Amino acid sequence: MSVYFKKIGLLGEQKALDYLKKNQFLILKKNFRNRFGEIDIIAKKEKTIYFIEVKTRSNINKGYPYQAVNQKKIDQIKYMANFFLLKNKYKNYKLKIGVISIVLNQEIKFYQLDQ
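Residues numbered from 1 in each chain as written. Predicted model: local features only at pLDDT ≥ 70, side-chain atom pairs only at ≥ 80, totals over all residues. Heavy atoms only, no water.

Asker: Quick one: what's the story with the side chain of threonine 48, residue by residue and with numbers?
Answerer: Mapping threonine 48 onto the fold places it in strand β3 (residues 48–57). Those residues in contact with threonine 48 that sit more than four places away from it in its chain are Ala43, Tyr93, Lys94 and Lys96. (Helix = DSSP H or I, 4+ residues; strand = E, 2+ residues; numbered from the N terminus. Contact = heavy atoms within 4.5 Å.)

Asker: Account for the sheet that holds strand β5 (residues 109–113), with residues named and values stated.
Answerer: Backbone-to-backbone hydrogen bonds join strands into a sheet, with any given pair of strands oriented parallel or antiparallel. Spatially, the 5 strands line up as an open sheet ordered β1-β2-β3-β4-β5, and their pairing is mixed. Of all strands in the sheet, those bounded by a partner on one side alone are β1 (26–34) and β5. Across this sheet, the average inter-strand angle for adjacent strands is 30°, counted without regard to direction. For strand β2 (residues 37–45) and β3, the ladder comprises 5 bridges, and the chain directions are antiparallel. Bridge pairing in β3 places isoleucine 42 opposite phenylalanine 51. Across the sheet, helix α2 (residues 71–87) touches β1, β2, β3, β4 (94–103) and β5, and the angle it forms with β2 is around 65°. (Pairing = 2+ DSSP bridges. Axes fitted to C-alpha atoms, helices over the stretch in contact; angles between N-to-C directions.)

Given below as structure tokens:
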């Protein structure tokens, strides 16, 4: 990955964190990873735990960022979410997978995916 894309990704993750905090989410974990994959952000709001993928692009020439989240990535997030829940005690919480889609210099969009 080039330095340019890494920089855009880090900028996007910071914007996503700011967005979540502004909307009363409690950040539980950033960049939760193991050898099987990674979840960009794990956050909590009320009685729901959100497992969030952050996608950032500088423009939409190759489509909107959320369009890059395919079924394989969703399955990986589900697997990692189960791993996280085994290590942490969050009983009686709803679970949701989400994507924060960021096009730089435009509005941030948060999509909750059906499970």
